[in-house]
Structure formats: structure tokens, C-alpha cells
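# A closer look at the structure
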Amino acid sequence: MVNPVFAASGISVFEIMSRLAAETGAINLGQGFPEGLEPQELIAAATDALHNGSHQYPPMLGLPALRKAVADNARRFFNIDPDWETEILVTSGATEALADSFFALMNSGDEVIVLEPAYDSYSPVIRRAGGMVVPVRLAPPHWELPLQALSDAITPRTRMIVVNNPMNPIGKVFTREELNFIAELAVKHNLFIIADEVYEHLTFDDNKHISLFSLPEIRDRVVRIGSAGKSFSLTGWKVGYIIADAQLLKVISRVHQYMTFTTPPALQAAVAVGLNLPDSYFTGLREELAKRRDYLDAGLREAGFNIASAPATYFAVADISDLDKDGDDLAFSQRLTREAGVTPVPVSSFYSERNITSHVRFCFAKKLDTLETAINRLRDWREKQS
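Residues numbered from 1 in each chain as written. Predicted model: local features only at pLDDT ≥ 70, side-chain atom pairs only at ≥ 80, totals over all residues. Heavy atoms only, no water.

## Section: the sheet that holds strand β5 (residues 158-164)
Put simply, the rule is: At least two bridges found by DSSP between two strands is the condition for calling them paired. Secondary structure elements are taken from DSSP: a helix is a run of H or I of four residues or more, a strand is a run of E of two residues or more, and numbering for both begins at the N terminus. Angles shown run from 0 to 180 degrees and are taken between the N-to-C directions of axes, each axis being a line fitted to C-alpha atoms and, for helices, limited to the stretch in contact. In what follows, residue pairs with any heavy atoms lying within 4.5 Å of each other are defined as contacts.
Ordered by their spatial adjacency, seven strands build an open sheet running β2-β8-β7-β6-β5-β3-β4, and the pairing between neighbours is mixed. Each edge of the open sheet is held by one strand with a lone partner, namely β2 (88-91) and β4 (132-137). This sheet shows a mean twist of 20° between the axes of neighbouring strands, independent of strand direction. Alignment of strand β3 (residues 111-116) against β5, held across four bridges, turns out to be parallel. Its bridge partner being in β5, Glu-111 is matched across the sheet by Thr-158. Against the sheet, helix α10 (residues 246-259) engages β2, β6 (192-196), β7 (222-227) and β8 (240-244), with an angle of about 20° to β2.

Next comes the structure, spelled out in C-alpha cells:
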């Protein structure tokens, strides 16, 4: 008999919408992969490492150069001072880092609080590891952390809280007050925190990312996860990294040892170069993405969408309540793909109960001409609806 967790899992909404976009020739603004932002220094570094570096197994924890670079980057930008030798692990993407952490720190029957909307990988891996997912919902329009609901969700069986900050798909940046509240709960109830911080460098305007790992009172119970795919617009490289207390990392690394063991050394070498790029690279990336965000936001508003500017990530989230009288964001996304030739993804797919159906997500990390064509299509579609 096959495992019921994965047997019962369908195809992800991202794959469904991407297939529909390909079939219809629509512009795919649903899936979160960027266009035209890859730093050429990293491509050159990977090429050099392929030609001149080793092609054999690198150290299980990751290349020393990359682990040092992860530590230096965290220290430079986020007030974190990890020991690169004992507190950093390189993984094959942030998704592997999440799986390693869940399998290492959970036991059968443990409860895991997941703040929703949530990345679709969390739930099935937690359940396959023997855990029970306890969703706590953030709701529009302000997406504030529901303090009482989060506190009430904790039981004697609660093992950890999963916090995605900055938050996909809504672009939320958690406030210091919200993070302090989470930290207090973790100490009071002896909980681990899985801090999915892959969008750490993608905050805009005056918004600043504060890592939960930087709070000294919970440093020994936070597993911080980062991603080169997001920081360098290289999602296909699948290079992630974990920062955690040495005692936690020792156990997590054992899962990694049996899960993937290593990550391609040439890509590790190139990411080390990237993390050591000057501040101007990271500032420039934020400025470029903010420009694309503003361009898409303005176009969506002109086309009749109700949208607030995202403080972080790749995504613009539009309230479609006035456009979708049926209250079905999945059907609306499919309709928009077929009729307008532009593909979003429904925000309901980030909720276990699909009980927020008023919003769809568009990716603005695309070339300006791609966004311009999408906006023109949406404008034409709206005119036909009038």
C-alpha cells in the first residue's frame, strides 16, 4: 500500500495554472520565478568552478567557502553571528531544508502550528513526518498576526511554529512586536520555530527584515532557512542553507546526510561569490524589484483591480471581490487565463480550508516588457467586461 499522504495529494495549483498558461498562450504571472535578474558574476563563477573545480562529493555540511559566506552575509545584514563551522548547513534548496528540519525535530503525534497563507510544501511533509498541522489564519485586508488565535492554538502536544517572513504570497513583513510575541510563546511553551526567511533580501521602501534568529532569547530554538534562489534570482539552482544552534543542527544534518547528502559544488562555489557581493548588489536588486512592483501595481489598478503595494517578496496580491461575483478565486484565475491571456494563482490555495477566496497573486519579478504586455491584455479584458 502506498503512503496515503502523498497518494491523496493532487497536482499543485502552481503546476495546474502553469500548464493552463502554456496551453492557452497566456502570460504566466502565477509561478514565482524571476526574469532577467540573474547576476552575471554568479554565472561566471559557476562556469569557472565547473571547468576548474572538483566534480566529486563536497563536504556533507557544505563547502567551507559557502558556509563562511552565509555567516558573513547574515552578520552584515541581519545582526546574526553564527559559527560557520557548527551552525550552518547547505541544502539542495530551501524545500529540502524545511523537510530536514521537520523530520529532525518532530515526533509522531506532535502538533505544528502553520501560519496561513502558507507555502504548499509545509503541510504534506509535516504530515508525512508524523505531525499534525494546526493552521492559524492571517486574513485580509491587513494580514495582521492574530495574537489570541495563535496563543489559543497551542496545546501540550505543540512542538513548533512555522513562520514565513517575509511572507509568501502576501508580501507581509512581520513587525518586531509580532516577532516578540512569537518568541514569548516559544519560550513559555518550549517550542521550536522554523523560520522560513527565503525572501530576506527582498524587502522594499522602508521595510526591514528582522530575523527571529537575531532575538537572543530564542536563538537556541530557531531554525533559520535561506535560499540563493530568491536572493540571486536563480530558482533552478536549488541551493539553500540553514542557520541553527549547533545542537539542533547536529540532528538536522543527520537527516540531510540521508536525504540528499550534498549539493552540487560548482553551484555552492558560485553562491559563495554571490553572498559576498557588495551591498550595492542587494540594494540594486531591491530597487529593481520595487520598480517592477510599482509598474505592475499601477497597471493592475488601471485595469480595475484593487491592490495594495507589497512590502516584500515577488508578489502583488489583488482583491478581486468586485470582479468575481461567484467568490471563487480558482475559477476566476482560470477564467482570466483563458479570456485575458494572463495567469495569476488563487490565494485560497495557500489555505488548508480554501476559506479566503477574495484574492489572487501576480508575480512582478518579470521583465518590464512582459509586465507591459500583461497589463495591456488585462486592460483590454476589462474594457470588454464593461
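## Some thoughts on the domain arrangement of the protein chain
Selection rule: In this entry, domain limits derive from an automatic or database-based domain assignment. Buried area is calculated as the accessible area (1.4 Å probe) missing from two parts once they are joined, with the contributions of both summed. A pair is scored as a salt bridge if a Lys or Arg side-chain nitrogen falls within 4 Å of a carboxyl oxygen belonging to Asp or Glu. Under the rule applied, a polar contact is a pair of N or O atoms within 3.5 Å (in protein, one hydrogen donor and one hydrogen acceptor; residues adjacent in sequence only if both atoms are side-chain atoms).
We note that the domain assignment places domain 1 (4-31 + 280-385) and domain 2 (40-277) within the protein chain. Between the C-alpha centres of domain 1 and domain 2 the distance comes to 25 Å. Both faces considered, domain 1 and domain 2 share a buried interface measuring about 2900 Å² in area, 66% of it formed by carbon and sulfur atoms. Ranking the residues of domain 1 by area buried against domain 2 places Phe-282, Pro-311 and Phe-350 at the top, with a combined share of 22%. Inspection of the region where domain 1 meets domain 2 yields one salt bridge. Asp-205 is the partner of Arg-293 in a salt bridge, and the nearest nitrogen-oxygen pair spans 3.0 Å. The interface formed by domain 1 and domain 2 holds ten residue pairs in polar contact (both at pLDDT 80 or more) in total. If you list the elements that add at least two residues to the side of domain 1 that touches domain 2, you get α1 (4-7), α12 (279-302), β10 (315-319) and β13 (359-363). A total of seven residues in the side of domain 1 that touches domain 2 trace back to one element, the largest contributor, which is α12.

## Examining the layout of surface pockets
For clarity, the threshold we go by: Of the grid points, spaced at 1 Å and generated over the protein atoms alone, those admitting a 1.4 Å probe that cannot get out make up cavities, while open sets with protein on both sides within 12 Å along at least five of seven lines make up pockets; any residue with an atom within 4 Å of a point is treated as lining. Grid points are joined across faces, edges and corners, and a volume is the space filled by probe spheres set on the points. For this classification, the nonpolar set comprises Ala, Val, Leu, Ile, Met, Phe, Trp, Tyr, Cys and Pro, the charged set comprises Asp, Glu, Lys and Arg, and every other residue, Gly included, is treated as polar.
Considering only enclosed or pocket space, the largest pocket measures out at about 1300 Å³ in volume. Contributing to the lining of the largest pocket are 48 residues, with Ser-12, Phe-14, Tyr-119, Asp-120 and Ser-121 lying nearest its centre. Within the residue set of the lining of the largest pocket, elements represented by two or more residues are α2 (13-24), α5 (94-105), β3, α6 (122-128), β4 and α9 (228-231). Grouping the constituent residues of the lining of the largest pocket by class yields 23 nonpolar, 17 polar and eight charged. No fewer than three residues from each of domain 1 (4-31 + 280-385) and domain 2 (40-277) sit in the lining of the largest pocket. As for the second largest pocket, its lining consists of 20 residues, and the residues nearest its centre are Pro-141, His-142, Trp-143, Ile-170 and Ala-308. At the level of secondary structure, the elements contributing two or more residues to the lining of the second largest pocket comprise β9 (306-307) and β10. The element contributing the most residues to the lining of the second largest pocket is β10, with four residues. Grouping the constituent residues of the lining of the second largest pocket by class yields eleven nonpolar, five polar and four charged. Two domains each put at least three residues into the lining of the second largest pocket: domain 1 (4-31 + 280-385) and domain 2 (40-277).

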